[in-house]
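Spelled out from the first residue to the last, the chains are:
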Amino acid sequence: MGRRSTLSRLPTALRAAVDDALREGSTIEEIVALLRTLGQSASRSAVGRYAKEARQITERTDRAREISRVLVGRLGDDPEGKMSRGIGSMLQSMIFDYLAPTVEGAIPQLKPSDFMAMARALKDLVGAEKTATETALKVGIKAIETTGKKSGLSKEVISQIKAEFLGILS
């Protein structure tokens, strides 16, 4: 793996100034000049690479925000189960994007530990979704039973309601 770029090695405050300049639409020449005034030097190509990388990160972030906005709009008031499935899809998409060849055609160099971390994240996500589903089921069952008893319904009617609405056979 190559060394970090000249700009990514800058102190945080200086890198923030470069990031602000990029957000404001400054040109590469203006950023090189800004760095000179701040007592730093960077080549045009280093600034260009940094700007390109920052643009790509911004595009990916914007895409993730748009996907989240669409998912939330489609999910409505069911944030637990559907949202975790949506997040799972987003995580898979991010992994595939990461593994896909980059703009320059290079494939990221991954260590076995990287794959393990991704697999663990997916496993944890599936476990969280299962837990959320089980919790929602238990809450639903308890609500049906409590409301049924308060309303004076028989155990048979309550069981029938659970079977119809929750797919549970008692």
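We now turn to the structure provided with this report. From a predicted model like this one, the values you see are computed outputs, not experimental measurements. (Residues numbered from 1 in each chain as written. Predicted model: local features only at pLDDT ≥ 70, side-chain atom pairs only at ≥ 80, totals over all residues. Heavy atoms only, no water.)

### Focus on the overall build of the protein
Argument step 1. Each helix and strand in the protein was counted, giving 6 helices and 0 strands.
Argument step 2. When its helices and strands are written in sequence order, the protein yields α-α-α-α-α-α.
Argument step 3. When the 170 residues of the protein are sorted by exposure, 18% land in the buried category.
Argument step 4. In the protein, the share of contacts with a sequence separation of at least 24, taken over all contacts with a separation of at least 6, comes to 43%.
Argument step 5. With an accessible surface of roughly 12,500 Å², the protein has 58% of that area assigned to carbon and sulfur atoms. (Helix = DSSP H or I, 4+ residues; strand = E, 2+ residues; numbered from the N terminus. Buried < 20%, exposed > 50% of the residue type's maximum accessible area, 1.4 Å probe, protein only. Contact = heavy atoms within 4.5 Å. Areas by Shrake-Rupley, 256 points an atom, 1.4 Å probe, with all protein chains shown as cover.)

### Considerations on helix H2 (residues 28–37)
Helical geometry note: an α-helix holds 3.6 residues per turn, so side chains three or four residues apart project in the same direction.
Argument step 1. By the burial criterion, the buried members of H2 are Ile31, Val32 and Leu35. Taken around the axis of H2, the buried residues stretch over an arc of 100°, which confines them to a single face. Set apart from the buried face of H2 by more than 90 degrees, the exposed residues are Arg36 and Thr37.
Argument step 2. Just past H2, the residue Gly39 takes up positive phi, approximately 85°. (Arc of directions from axis to C-beta.)

### Thoughts on the packing of helix H1 (residues 12–23) against H2
Argument step 1. Between H1 and H2, whose axes approach to 10 Å, the crossing angle comes to 155°. Judged by the angle between their axes, H1 and H2 are roughly antiparallel. Judged by the sense of rotation from one axis to the other, the crossing of H1 with H2 is right-handed. Packed against H1, whose contacting residues are Ala17, Val18, Ala21 and Leu22, the element H2 presents Ile31, Leu34 and Leu35 at the interface. (Axes fitted to C-alpha atoms, helices over the stretch in contact; angles between N-to-C directions. Parallel < 35°, antiparallel > 145°, perpendicular 65-115°, else oblique. Left-handed = near helix turned anticlockwise from the far one by under 90°.)

### Considerations on the side chain of Ser8
Argument step 1. Turning to its location among the elements, Ser8 is positioned in the segment before H1.
Argument step 2. The class of Ser8 is buried, set by a relative accessible area of 18%.
Argument step 3. Setting aside its immediate chain neighbours within four residues, Ser8 contacts Arg15 and Tyr50.

### Focus: the nonpolar core
Argument step 1. Core analysis: the biggest nonpolar cluster contains 12 residues, these being Leu7, Leu10, Leu14, Val18, Ala21, Ile31, Val32, Leu35, Ala42, Ala46, Val47 and Tyr50.
Argument step 2. Those elements giving two or more residues to this core turn out to be H1, H2 and helix H3 (44–75).
Argument step 3. Not counting residues within four places of it along the chain, the set of residues in contact with Leu7 comprises Arg15, Val18, Leu35, Ala42, Ala46, Val47 and Tyr50. (Core = buried A, V, L, I, M, F, W, Y, C linked by side-chain atoms within 4.5 Å.)

### Some details on H1
Argument step 1. With 12 residues, H1 extends 16 Å between its outermost C-alpha atoms, agreeing within 8% with the 16 Å of an ideal straight helix rising 1.5 Å per residue.
Argument step 2. For H1, every residue scored as buried is listed here: Leu14, Val18 and Ala21. Along the long axis of H1, the arc covered by the buried residues comes to 60°, so they all point the same way. Residues of H1 that are exposed and angled more than 90 degrees away from the buried face: Thr12, Ala13 and Arg23.
Argument step 3. One or two positions beyond H1, positive phi appears at Gly25, with a value near 90°. (Expected span 1.5 Å × (residues − 1).)

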